[in-house]
There are 2 protein chains.
Amino acid sequence: MTGGERTRLHRLPERGSYDLETVHSILDAGFLAHVGFTVDAQAVVIPMLYARSGQALYLHGSAANRTLQTLATGSAACVTVTLIDGFVLARSAFHHSMNYRSVVAFGTARSILSAAQKVKALHAISEHMVAGRWNEVRGPSRAELEMTMVVEFTIEEASAKIRKGPPLDDEGDYARHVWAGVIPLRTETGEPVPDSRLRVEVAVPQYLNRLKVGQ
Amino acid sequence: MTGGERTRLHRLPERGSYDLETVHSILDAGFLAHVGFTVDAQAVVIPMLYARSGQALYLHGSAANRTLQTLATGSAACVTVTLIDGFVLARSAFHHSMNYRSVVAFGTARSILSAAQKVKALHAISEHMVAGRWNEVRGPSRAELEMTMVVEFTIEEASAKIRKGPPLDDEGDYARHVWAGVIPLRTETGEPVPDSRLRVEVAVPQYLNRLKVGQ
């Protein structure tokens, strides 16, 4: 279910978008989630990497990770992903804004226990971050899998919000002598920094040149 | 208070940093917060802009904004800011990581009612986003101020986590023929896109050329 009671937007409905395709496209464009849960009435928000498969988001970490342990108890969690696309500079302070795409997803999580399912989820997260990487590196050993906790968060409700385009000023402000428009923002990759112990004959792999991040 | 009961790290203590200066420097480097609170036992995480002043974080939005209204009731909230600095590519899947700086701050918020205090907070947020902008644009009218809700979140406890540097592989994996190192990531600004109704004689202001984002 998408766009249920928890995510109905009460303001600026034109920025609310409820279709699943939009929700999924934003989740697939991002890689960093902010995961919220409640411990003794205290809200806690932790950044985590993720990958999506259908209505499931995979999260992973150390078996001792308290966030994952808490999520796995099935508490009502919230996973939010935000992509910032630009500063929107208007002619008045009031109409300044951001261009962005965000998803707020509500659901519950469970721990994945099967080694095969764990590997599948870790593979999905790895390929979502850096496609092509998984097949080149040493895969997880049995001991490493046991040290790794993997959680599957099932999206029960979700909503997307998107703002794009130029500033919208009050009609009386358009004559002002002030620059207005959009400053695009995006996440860029820099030149790969080789590890100091890298074997000299190993070149930067092709898949790192094709890397697209958060777009 | 910083590094209290709620934020004591139970894992990877070497990544935990509790000094206020580090917490503040990360908050000052970022501009996007993920704000968590609880409604009827449901955790909710909403992206918001912010600026810091001492131990206060200013948040703003429409007077009808439900997140701000809920925060202003004084519920135990969490504000998390995450800056992603790089993908850390190790020789094993297990040792892949991210370089990042994050702050998890716990506290409570109150609504700012005085018009002068609201303007001060809005000025701080504006200058934190795009320094130099505020003095050039039309400031908020009385009606606009009434339509704007401003909330001051007071940090009661906070912790920082930082990971930087190269991958750390198992000794036996260093001989592997696989590229390892760091792919730096950062938020970059693109060429300013002028509004279609911009007066032709208005040039891109100097302060936009100096813009530094999320660093």
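Colleague: Got a minute to help me understand the overall build of chain A in this structure?
Modeller: Of regular secondary structure, chain A possesses 5 helices and 10 strands. C-alpha extents for chain A along the principal axes are approximately 65 × 50 × 30 Å. The buried share of chain A, taken over its 215 residues, is 43%. Long-range contacts, defined as pairs at least 24 residues apart, comprise 76% of the intrachain contacts of chain A with a sequence gap of at least 6.

Colleague: How should the relation of the copies chain A and chain B be read in this particular structure?
Modeller: There are two copies of the chain, and a rotation about an axis plus a shift along that axis relates them. Once chain A has been moved 0.0 Å along the axis and rotated by 180 degrees, it coincides with chain B to within an RMSD of 0.0 Å. Considering both components of the superposition, the chain copies are consistent with a two-fold axis. Closest to the rotation axis within chain A is the C-alpha of A:Thr187, separated from it by 2.2 Å. Take the interface residues of chain A: 100% of them recur as interface residues in chain B, which is what a same-surface contact looks like.

Colleague: Would you explain helix α1 (residues 20–29) of chain B in this entry?
Modeller: Working note: α-helix, 3.6 residues per turn, so residues spaced by three or four point in the same direction. All names here are of chain B. All of the buried residues in α1 are Val23, Ile26 and Leu27. Around the axis of α1, the buried residues are gathered within 100 degrees of arc, so they sit on the same side. Exposed and facing more than 90 degrees away from the buried side of α1 are Glu21 and Asp28.

Colleague: Hey, could you run me through the nonpolar core in this one?
Modeller: The nonpolar side chains of soluble globular proteins are, as a tendency, buried together. Core analysis: the biggest nonpolar cluster contains 121 residues, and A:Ala77, A:Val151, B:Ala77 and B:Val151 have the highest contact counts within it. Residues within four places of B:Ala77 in sequence aside, it is in contact with A:Ala43, B:Val35, B:Gly36, B:Phe37, B:Leu71, B:Gly107, B:Thr108, B:Ala109 and B:Phe153.

Colleague: Help me out: how do you make sense of the interface of chain A and chain B in this one?
Modeller: Much of the literature gives interface size as the accessible area that the parts lose upon coming together. Each partner contributes to the interface: chain A provides 82 residues, whereas chain B provides 82 residues. Counting residues per element, the side of chain A that touches chain B draws most heavily on strand β9 (residues 181–189) of chain A, at 9 residues. Looking at side-chain class alone, the side of chain A that touches chain B contains 47 nonpolar, 20 polar and 15 charged residues. Here β9(A) pairs with strand β9 (residues 181–189) of chain B via 5 bridges, running antiparallel.

Colleague: Even after reading the chapter, I still don't get the environment of A:Ala90, so can you show me in this structure?
Modeller: Residues and elements named next belong to chain A. Position of Ala90 among the secondary structure elements: in the loop between β6 (77–89) and β7 (97–112). You can call Ala90 buried: it has 23 C-beta atoms within 10 Å. Separated by 68 residues in sequence, Ala90 and Thr22 have C-alpha atoms that sit 27 Å apart. The contacts of Ala90, once residues within four sequence positions are left out, are His95, His96, Pro167, Asp169 and Ala180.

Colleague: What is the right way to look at unusual backbone geometry in this model?
Modeller: It is generally the case that most residues other than glycine have a negative phi and that most peptide bonds are trans. All names here are of chain A. Although it is not a glycine, Ala41 sits at a positive phi angle of roughly 70 degrees. Checked against the element boundaries, Ala41 lands in the loop between β2 (32–39) and β3 (42–49). Ala41 sits in the exposed class, given 9 other C-beta atoms within 10 Å.

Colleague: Sorry, what's going on with the pairing of β7(A) here?
Modeller: Consecutive residues of a regular strand have side chains that alternate between opposite faces of the sheet. Residue and element names in this part refer to chain A. In this structure, β6 lies alongside β7, joined through 11 bridges in antiparallel fashion. Counterpart to Val88 in the pairing with β7 is Ser97. Relative to strand β8 (residues 148–163), β7 runs antiparallel, the two sharing 13 bridges. When the sheet's bridge partners are listed, Arg110 is paired in β8 with Glu152.

Colleague: Can you walk me through the pairing of β2(A) in this structure?
Modeller: Residues and elements named next belong to chain A. A large share of β2 lies buried, amounting to 7 of its 8 residues. As paired elements, β2 and β3 share 8 bridges and run antiparallel to each other. When the sheet's bridge partners are listed, Val35 is paired in β3 with Ile46. If you look at the hairpin formed by β2 and β3, you'll find 2 residues sitting between the two strands, and Asp40 has a positive phi there, around 50 degrees.

Conventions and cut-offs
- Here, residues in each chain are numbered from 1, in the same order as that chain's written sequence.
- Chain letters and ligand numbers both follow the written order, the letters beginning at A and the numbers at 1.
- The predicted origin of the model limits local features to residues at a pLDDT of at least 70 and limits the giving and counting of side-chain atom pairs to 80 or more, whereas totals for whole chains, interfaces and linings rest on all residues.
- The way it works is that DSSP assigns letters per residue, a run of H or I at least four long becomes a helix, a run of E at least two long becomes a strand, and they are numbered from the N terminus.
- Residues with at least 20 neighbouring C-beta atoms inside 10 Å of their own are called buried, those with 12 or fewer are called exposed, and the rest are partly exposed, where every C-beta is derived from the backbone.
- Residue pairs qualify as contacts under a 7 Å threshold applied to their C-beta atoms, which are placed from the backbone.
- When the copies are superposed, the least-squares fit draws on C-alpha atoms of residues that have pLDDT of at least 70 in both.
- The reported arc concerns the directions from the helix axis to the C-beta atoms and nothing else.
- Each nonpolar core comprises buried Ala, Val, Leu, Ile, Met, Phe, Trp, Tyr and Cys residues, the members being joined through C-beta atoms within 7 Å.
- Each residue receives one of three labels: charged for Asp, Glu, Lys and Arg, nonpolar for Ala, Val, Leu, Ile, Met, Phe, Trp, Tyr, Cys and Pro, and polar for the others, Gly being one of them.
- Whether two strands pair depends on DSSP finding at least two bridges between them.

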